[in-house]
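# Structural description and commentary
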Amino acid sequence: MSTRYGITVSGLTLAAGAGVFCGTVPVGYAAMLATVFTNPAQLAVLPGALVLGALAGLVVAHGTRKTIRPRLNQRSRRFVIAGLIMMPGFFFIGGLEDLTASPAPSRWAIGFILCCGLAGVVVHYRWRKQRTLEQHARRGAEYRARHHVTAP
């Protein structure tokens, strides 16, 4: 099921998920920074997070090779670097509750993450709408040129 601009529920859901994931990373890095001062022993999971990030990057690079810019140069390296950057932040977000005595930082973090998810949906919607309108304009111009029709 799609709207007039080819926007699907699955596309919006994936955009929201990407926004939530990207919003989780800065909050996770803030939690990791706080962990350095409050419980340095918890940093032992950092090498495992880096390895999992590299593996996740390879899996995503292989899984999206036909859909996201098929001719993307150095695909594996770019996705591995993205995994290395994002996964440690994703791992440390779970320790945010243990670092503070009040629930206020967790509420702010959840609000920030949800706003990032909403921003992902808005960006996807606008991009898809603009792309569809450009395709319609291009096809209309090609039709008018081919059939010698003047534009209104």
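It should be emphasised that the depicted structure is a prediction, and the values quoted were computed from it without experimental measurement.

## Re a nonpolar patch on the surface
There is a patch of nonpolar side chains on the surface, built from Val45, Val51, Leu52, Leu55, Leu58, Phe90 and Phe91 and spanning about 600 Å² of accessible area. Those elements giving two or more residues to the nonpolar patch turn out to be helix 2 (46-63) and helix 3 (75-92). The greatest single-element share of the nonpolar patch, amounting to four residues, is contributed by helix 2. Tracing the backbone shows Val45 in the loop between helix 1 (9-38) and helix 2. Residue classification places Val45 among the partly exposed residues on the basis of a relative accessible area of 41%.

## Section: the confidence of the model for the chain
Taken as a whole, the chain shows an average pLDDT of 85; of its residues, 95% reach a score of 70 or greater. Helix 2 holds the highest mean pLDDT among the elements of the chain, 90, whereas helix 4 (residues 96-99) holds the lowest, 72.

## Brief notes about helix 5 (residues 104-147)
Its 44 residues give helix 5 an end-to-end C-alpha distance of 65 Å, which sits within 8% of 64 Å, the value for a rise of 1.5 Å per residue. Along helix 5, the positions that sit buried rather than exposed are Ser106, Ala109, Ile113, Cys116, Gly117, Gly120, His124, Thr132 and Gly140. Looking at the buried side of helix 5, the elements it contacts are helix 1 and helix 4. Following helix 5 by one or two positions, His148 adopts a phi angle in the positive range, close to 55 degrees.

## Structural notes on the side chain of His124
Inspection of the secondary structure puts His124 in helix 5. Apart from the residues within four sequence positions on either side, His124 is in contact with Gly11, Leu12 and Ala15.

## Brief notes about the packing of aromatic side chains
Throughout the structure, instances matching the rule amount to one aromatic pair. Each ring, one from Phe21 and one from Phe90, has its centre 5.1 Å from the other, and the planes form 50 degrees; the classification is tilted. Of this pair, Phe21 sits in helix 1 while Phe90 sits in helix 3, and the two are 69 residues apart along the sequence. On the basis of relative accessibility, which here comes to 26%, the residue Phe21 falls in the partly exposed class.

## Describing the nonpolar core
By size, the foremost hydrophobic cluster in this structure holds eight residues: Val27, Ala31, Met32, Phe92, Leu96, Leu99, Ala109 and Ile113. Those elements that provide at least two residues to this core are helix 1, helix 4 and helix 5. In terms of residue count, the dominant contributor to this core is helix 1 (three residues). Among all residues touching Leu99, those that are not within four sequence positions of it are Ala31, Ala34, Thr35 and Thr38.

Rules behind the numbers
- The numbering scheme is per chain: residues are counted from 1 as the chain's sequence reads.
- At least 70 in pLDDT is required for a residue's local features to be given in this predicted model, at least 80 for side-chain atom pairs to be given and counted, and no such filter applies to totals for whole chains, interfaces and linings, which use all residues.
- Excluded from the side-chain calculation are hydrogens and water; included are all heavy atoms of the structure.
- Patches were defined on residues exceeding 30% relative accessible area and lacking a salt bridge, with like-charge contacts within 9 Å and nonpolar side-chain contacts (Val, Leu, Ile, Met, Phe, Trp, Tyr) within 5 Å.
- We get accessible surface area from the Shrake-Rupley algorithm with a probe of 1.4 Å; when it comes to residues, only the shown protein chains can shield them.
- Whenever Lys or Arg places a side-chain nitrogen within 4 Å of a carboxyl oxygen from Asp or Glu, that contact is recorded as a salt bridge.
- Segments assigned H or I by DSSP are reported as helices when at least four residues long, segments assigned E as strands when at least two residues long, and all are numbered from the N terminus.
- Note on classification: 1.4 Å probe, protein chains only; a residue is buried when its accessible area is under 20% of the maximum for its type, exposed when over 50%, partly exposed between these limits.
- pLDDT: the predictor's confidence for each residue, scored from 0 to 100.
- The span expected for a helix works out to 1.5 Å for each residue beyond the first.
- Every residue pair with non-hydrogen atoms within 4.5 Å of one another is taken to be in contact.
- Side-chain rings of Phe, Tyr and Trp, where Trp is taken by its six-membered ring, are said to pair if the distance between their centres is within 6.5 Å; with planes under 30 degrees apart they count as stacked, over 60 as edge-to-face, and otherwise as tilted.
- Among buried residues, those of type Ala, Val, Leu, Ile, Met, Phe, Trp, Tyr and Cys that are joined through side-chain atoms within 4.5 Å constitute a nonpolar core.

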